[in-house]
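Structure at a glance
Listed here are the chains, written in short residue letters.
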Amino acid sequence: MALATLKMVTLDSTDARRDAAFWSAVLGWDVAAVEDEYAMLSGPGGMALGLGTLADHEPPGWPNEHGSKQFHFDLAVEDLDAAASDIVGLGATLPDEQPGETWRVLLDPSGHPFCLTLAGNWG
C-alpha cells in the first residue's frame, strides 16, 4: 500500500512564464496558473508540473560527471529525430554530447536535461 501519491513535480526556473509555455507545448498539458514567479501545468490523472522562478537559478548542466543533475524526465516519442527537432523549435537545446543512439538528451530553456526515448521501448 502506498504511503503517498505523487501529484506534482516542481522545477526551479529562470523564467516560469517561458518554461510553462515550453512544457505546455511539449507535453500538451494545460497551463493552470501563470505569473512571473510561478506557473503550474495540469496533466492527466491530476498530475501537475510546477515552475518557480529563481533569480539565482543555475542549471544542472550536461554532461554532468558529478551526478548533480538530481533527476530528469524521460519522455516517450514516436520518432526521436522528428521530436527532437520539433522540441528544439520550441526552445530546447540539443547538446553535442549524446550518450547513445536509442535516446536524445535535450535541455529545456532553463537548462534542465531531459531524455526523449522511443515510445515502443516502454511496452
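This text follows the structure it describes.
Note that this is a predicted model, so its numbers are computed, not measured.

Here we come to the sheet that holds strand E3 (residues 38-42). Taken together, four strands build an open sheet; the order of strands is E1-E4-E3-E2 and the sheet is mixed. Since the sheet does not close on itself, it has two edges, and those belong to strand E1 (8-13) and strand E2 (30-34), each with one partner. Across the sheet, the axes of successive neighbouring strands diverge by a mean angle of 20°, strand direction being ignored. As paired strands, E1 and strand E4 (residues 48-53) are joined by six bridges and run parallel to one another. Residue pairing in the sheet places Leu11 in a bridge with Leu51 of E4. On top of the sheet, helix H1 (residues 16-27) reaches E1, E2, E3 and E4; it is set at about 155° to E4, its chief contact.

It is worth spelling out the sheet that holds strand E6 (residues 103-107) at this point. In spatial order, the strands read E5-E7-E6; together these three strands make up an open sheet with mixed pairing. Either end of the sheet is taken by a strand with one partner, and the two such strands are strand E5 (73-77) and E6. Between one strand and the next, the sheet's axes are offset by a mean angle of 30°, whatever the strand orientation. In this structure, E6 lies alongside strand E7 (residues 113-118), joined through five bridges in antiparallel fashion. Across the sheet, Arg104 pairs through a bridge with Leu116, a residue of E7. Its contacts with the sheet place H1 against E5 and E7, and it is angled at close to 40° to E5.

With that out of the way, let us pick up the side chain of Arg104. Relative to the assigned elements, Arg104 resides in strand E6. Engagement of the side chain of Arg104 in a polar contact is seen with the backbone oxygen of Glu101, the distance being 3.3 Å. Excluding residues that lie within four positions of it along the chain, Arg104 makes contacts with Leu80, Asp81, Ala84, Leu94, Gln98, Phe114, Cys115 and Leu116.

Time to look at helix H2 (residues 80-89). Within the span of H2, buried status applies to Leu80, Ala83, Ala84 and Ile87. Seen along its axis, H2 keeps its buried residues to an arc of 100°; they face one direction. Seen from the buried face of H2, the exposed residues on the opposite side, beyond 90 degrees, are Asp81, Asp86 and Gly89. Looking at the packing, one finds that the buried side of H2 touches H1, E5, E6 and E7. Measuring from the side-chain oxygen of the N-cap residue of H2 to the backbone nitrogen of Asp81 gives 3.1 Å; that N-cap residue is Asp79.

Ranked by internal contacts, the top residues of the largest apolar core, which has 21 residues, are Trp23, Leu49, Ile87, Leu106, Phe114 and Leu116. Every element with two or more residues in this core is listed here: E1, H1, E3, E4, E5, H2 and E7. Contacts of Trp23, omitting those with residues within four sequence positions, involve Leu11, Gly28, Leu41, Leu49, Leu51, Phe73, Leu75, Asp108 and Phe114.

The next subject is the packing of aromatic side chains. Counted under the stated rule, the structure contains four aromatic pairs. Here Trp23 and Phe73 contribute two aromatic rings whose centre-to-centre distance is 5.4 Å and whose plane-to-plane angle is 85°, an arrangement assigned as edge-to-face. A residue pair is termed long-range when its members are at least 10 positions apart, and Trp23 in helix H1 and Phe73 in strand E5 qualify at 50 residues. Measuring from ring centre to ring centre gives 5.0 Å for Trp23 and Phe114, while their planes differ by 65°; the resulting arrangement is edge-to-face. Of this pair, Trp23 sits in helix H1 while Phe114 sits in strand E7, and the two are 91 residues apart along the sequence. A residue is classified by how much of its surface remains accessible, and Trp23, at 1% relative accessible area, is buried.

Procedures and definitions
Residues numbered from 1 in each chain as written. Predicted model: local features only at pLDDT ≥ 70, side-chain atom pairs only at ≥ 80, totals over all residues. Heavy atoms only, no water. Pairing = 2+ DSSP bridges. Helix = DSSP H or I, 4+ residues; strand = E, 2+ residues; numbered from the N terminus. Axes fitted to C-alpha atoms, helices over the stretch in contact; angles between N-to-C directions. Contact = heavy atoms within 4.5 Å. Polar contact = N/O pair within 3.5 Å; in protein donor to acceptor, adjacent residues only side chain to side chain. Buried < 20%, exposed > 50% of the residue type's maximum accessible area, 1.4 Å probe, protein only. Arc of directions from axis to C-beta. Core = buried A, V, L, I, M, F, W, Y, C linked by side-chain atoms within 4.5 Å. Phe/Tyr/Trp six-rings, centres within 6.5 Å; stacked < 30°, edge-to-face > 60°.

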